[in-house]
Amino acid sequence: MDMEKLVSLCKRRGFLFQSSDIYGGLQGFWDYGPLGVELKRNVKNAWWRDMVTSHDESTQPANGPSPFEMTGLDCTIIMHPQVWKCSGHYDLFHDFMVDCRESRKRYRHDQLQGRWAAYNGQRIFVATESGGEEGCENATRRALKYFHLRTKQQDRLEWDGDLQPLTAIADLTAVLGPDATEPGTLTEPREFNLMFKTIVGALGGEEDTVFLRPETAQGIFVNFKNVVDSTRLRIPFGIAQIGKSFRNEITPRNFTFRSREFEQMEIEFFCHPDSSHAWYQYWRDRRMRWYTDLGLAGDRLQLREHDRDELSHYSTGTADIEYAFPFLPDGEFGELEGIAHRGDFDLRSHMEGKLDEKSQPLEVELDEEGNPKHRGSGKDLTYRDEASGERYIPHVIEPSAGADRATLAFLCEAYSEDEAPDDKGKMQSRTVLKLHPRLAPIKAAVFPLVKKDGMPEKARELYRSLKKSWNVFYDEKGAVGRRYRRQDEAGTPYCITVDGESLTNDTVTIRDRDTLKQWRVPIAQCGSELHDRLQ
Ligand code: GAP
C-alpha cells in the first residue's frame, strides 16, 4: 500500500489534518477531522466496551487463571511532580539526541544507521534515517555525491560491512550526517528528557514546575488504594484508563505513529504474585485477539516476545504487538501495544521511594547521604486478602496500547483499491476503506435514487429513524454511483437506497461496501438488519 495515497485520502476526506495547518503546522501534532474523530472514538469505545463494560466477572475466561473484575478511571494530565520522580520518568525517561551543526537538524541517536564507504584513500560513515534496502540505497546515493562519482562509477566505492547503528560508532568525526554535505558535523549524543514541563500557579518558580504526563499508567498506580477503599473490588482486578499523554519526541514522524501528543488506552491488572505469569500470558493473547477480531489479521500483525536479556529482572515477560506499517522498510514492524509484567515495582516505588531498577532484590535508590533519592508517598499500598488473611503487594500486568497507532493501523489495513461498476455498469477503479463495521465512522448512508417523485421524503424519514441509533448520513446530491464512491472512501459499510419500487412496496436496497452485493429489505426491517450486521 502506498502511504502517500492514504495520507492524501485522510486529508481530502477529513480523517486527519496537521495541527495548526493554516500556520504551517506544528511537527508531531495532529488533528482528527469529522470522519477521523468518529473513527478514533469508535476505536476507543470498542476497547472500553470489550475490556471494561462488557467484561463478565462471573465467568472464568478461557486461558485465564480465574474470573476477574474490571473497572475504569479518568485521572488528570498534570499530577504531583513526585509521581514522576518515583516512577523513574524524572531520572530515566530520556532519549539521546545528536544535532547536526550544518543542517541544524536533530536526530535520535539510536535511530540513525549507516555504512562505511571508502574511495581514493578516504573513509566515511554515511549515516541515514532509514533501514533495510532504502537505507542502503540512500547511503549509496549520498556516498556517490560526496565523492563526486556518477551512478555508473558505483563499483569504485568500497563498502565495509552492512548497515550498522550509529550507536556503535565511538568517534563521530568521520560520520556524514543524514542531511550534511561534509563529515564531522554531528555533535556528541546528549540526554534529552521527553517530559513536557509547565508551571502551576501565578508565581512560576522552579518549585512550581509540573509535567504533562508521558503515560496514563501512573494515574492508575497512585489511585490503587482509592479504588480498593471505595469499591468492593477484590484481586485479581484491572483498572483501565484512556487519555492523552505527551512526549517531547526528538523526531516525531511517520504520520501519527510518533506524535508529541497522543492518546493511550492502558490497563493495570493487579494480581497475586504467584499467578502473575499466567495472567501475563492471558493478557498477551487476549490483547492480540482484540486486534485480529477488529480486522488486523494476516502476516502484517505479529506478537513479539522480548528476549530474556531485554527484560528487567523483576519482570517475567514483555511482549509487543506489532504491525507492518507501510511506511516501514519491508520486514520491519512498528509497536502498537506493549504487554508488560511489571512485578510490584510501581506500587512499591510509590510506597517506599523510587526503587533502583538494577538492584536485586529491588531496593530504594539512595542519594549521597544515604537517604531515598526520591521519597515515596509513605502510604500503605499493600493488599490484604480477606479469605486467607495474607497481606502482599500485588503484581501488575500492563497492557498499554496507543489509540492513535491503533487507528492508523486500522486505516492502513482498510485501505484498498479495486473495481466497481458505475451507473452504466462499466467497471471503474475505486478507493475503499474496508473498516470493520464497529470502527466505521458512518454506519450507513441513505440515498433517494433520484431527487423527485417522493423518494427524498421517504429516504429522509428512514434516515431520521436510523439516526436515533447510529451515525448515518443522508445524501441526495449527484449520480448515485458517485454517492456510493464517496461512502466507499469514507469506509461506510452499508448504503441504503430508496428507489421507485420503494414507493409502491415499502422496500429499499442495501448495498454491501465490500462485496458490492445488493438486496431488498422492507423499510421497517432496516434497523434490525443494520443491528445484526454492525456487530
Ligand atoms: N505505560 C507503559 C507505556 O507507556 P510505551 O511503550 O511507552 O509504554 C505504550 O507506550 C503505547 O503508547 C505504545 O505501544 C504506543 O502505541 C503508544 N505510544 C507511545 N509513544 C507514542 C508516540 N510518541 N506517539 C503515538 N503513540 C505512542
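Here, the structure is the one placed above.
What you see as residue numbers is a count from 1 along each chain, following the sequence as written. Only residues with pLDDT of at least 70 get local features here, since the model is predicted, and only at 80 or more are side-chain atom pairs given and counted; chain-wide, interface and lining totals rely on the full set of residues. Hydrogens and water are ignored here; the side-chain numbers use all heavy atoms of the structure.

A. Representation of the environment of lysine 358. Mapped onto the secondary structure, lysine 358 falls in the loop between strand S18 (355-356) and strand S19 (363-364). With 46 residues separating them in the primary sequence, lysine 358 and serine 312 have C-alpha atoms 7.9 Å apart. Helical segments are the DSSP runs of H or I of at least four residues, strand segments are the runs of E of at least two, and each set is numbered from the N terminus.

B. Up close: the nonpolar core. To form a nonpolar core, buried Ala, Val, Leu, Ile, Met, Phe, Trp, Tyr and Cys residues must be joined to one another through side-chain atoms within 4.5 Å. Residue burial is assigned from relative accessible area. The probe radius is 1.4 Å, only protein chains are included, and a residue is buried under 20% of its type maximum, exposed over 50%, and partly exposed in between. Judged by nonpolar contacts, the single largest core of 58 residues is most densely connected at Trp283, Trp290, Tyr291, Phe325, Leu336 and Phe410. A total of eight residues in this core trace back to one element, the largest contributor, which is helix H10 (residues 403-414). The next biggest cluster of nonpolar side chains, apart from the first, holds 24 residues, and it includes Ala127, Leu144, Leu172 and Ala180.

C. Region of the structure containing unusual backbone geometry. In this model, isoleucine 235 is joined to proline 236 through a cis peptide bond whose omega is 5°. Positive phi values are uncommon outside glycine, yet asparagine 63 reaches one of about 65°. In this fold, asparagine 63 is placed in the loop between helix H2 (34-53) and strand S3 (69-72). Residue class for asparagine 63 comes out exposed when judged on its relative accessible area of 64%. At arginine 104, a position not held by glycine, the phi torsion is positive, near 65°. Checked against the element boundaries, arginine 104 lands in the loop between strand S4 (94-99) and strand S5 (106-108).

D. Representation of the state of the cysteines. Pairs of cysteine sulfur atoms within 2.5 Å are identified as disulfides in what follows. The final tally for this structure, using the stated rule, is zero disulfides. For cysteine 271, which is in no disulfide, the shortest distance to another cysteine sulfur is to cysteine 75 and amounts to 20 Å.

E. Spatial organisation of the sheet that holds S3. For two strands to pair, DSSP has to find at least two bridges joining them. Pairing is mixed in the open sheet, where seven strands are placed in the order S3-S13-S14-S22-S17-S16-S15. On the outer flanks of this sheet lie S3 and strand S15 (301-305), each paired with one strand and no other. Between one strand axis and the next, the sheet turns by 20° as a mean value, whatever way the strands run. Of the pairings in the sheet, the one linking strand S16 (residues 318-323) to strand S17 (residues 334-343) comprises six bridges and is antiparallel in character. When the sheet's bridge partners are listed, aspartate 320 is paired in S17 with glycine 338. Angular values range over 0 to 180 degrees, each being the angle between N-to-C directions of two axes fitted as lines to C-alpha atoms, with helices fitted over their stretch in contact.

F. Quick look at the site of the ligand. Nearness of a residue to a molecule or strand requires only that one of the residue's heavy atoms be within 4 Å of it. In the vicinity of the ligand lie 20 residues, with Glu215, Arg247, Ser259, Glu266 and Glu335 positioned nearest. Glutamate 335 places a side-chain nitrogen or oxygen 2.6 Å from an oxygen atom of the ligand. Two N or O atoms count as a polar contact when they lie within 3.5 Å, although within protein this holds only if one can serve as hydrogen donor and the other as acceptor, and sequence-adjacent residues are included solely when both atoms are side-chain atoms. In this structure, a nitrogen atom belonging to the ligand sits 3.1 Å away from a side-chain N or O atom of glutamate 398. Look at the ligand: alone it shows 550 Å² of surface, and the protein chains cover 88% of it. Put simply, the parts of the chain that give the shell around the ligand at least two residues each are strand S14 (261-271), S17 and strand S22 (395-402). Here the residues of the shell around the ligand are counted per class, giving five nonpolar, six polar and nine charged. In these tables, accessible area is a Shrake-Rupley quantity obtained with a 1.4 Å probe, and a residue counts as shielded only by the protein chains included in the view. Lys, Arg, Asp and Glu make up the charged group, whereas Ala, Val, Leu, Ile, Met, Phe, Trp, Tyr, Cys and Pro make up the nonpolar group; the residues left over, Gly among them, are polar.

G. Inspection of the sheet that holds strand S10 (residues 190-193) at higher detail. An order of S5-S4-S10 is seen for the three strands of this open sheet, with the pairing classed as antiparallel. The outermost strands of the open sheet, each flanked by one partner alone, are S5 and S10. For this sheet, the mean inter-axis angle between neighbouring strands, taken without regard to orientation, is 45°. As defined by bridge partners, S4 adjoins S5 across three bridges and the pair is classed as antiparallel. Bridge pairing in S5 links methionine 97 to arginine 108.

H. Representation of the pattern of salt bridges within the structure. Salt bridges are counted wherever a side-chain nitrogen of Lys or Arg sits within 4 Å of a carboxyl oxygen of Asp or Glu. Counted by the stated rule, this structure contains 42 salt bridges. The shortest N-O distance in the salt bridge between aspartate 285 and arginine 284 comes to 3.0 Å. Overall, arginine 284 belongs to the buried group, its relative accessible area being 14%. Several salt bridges share partner residues, and in doing so they unite Asp95, Arg108, Asp110, Glu249 and Arg258 into one network.

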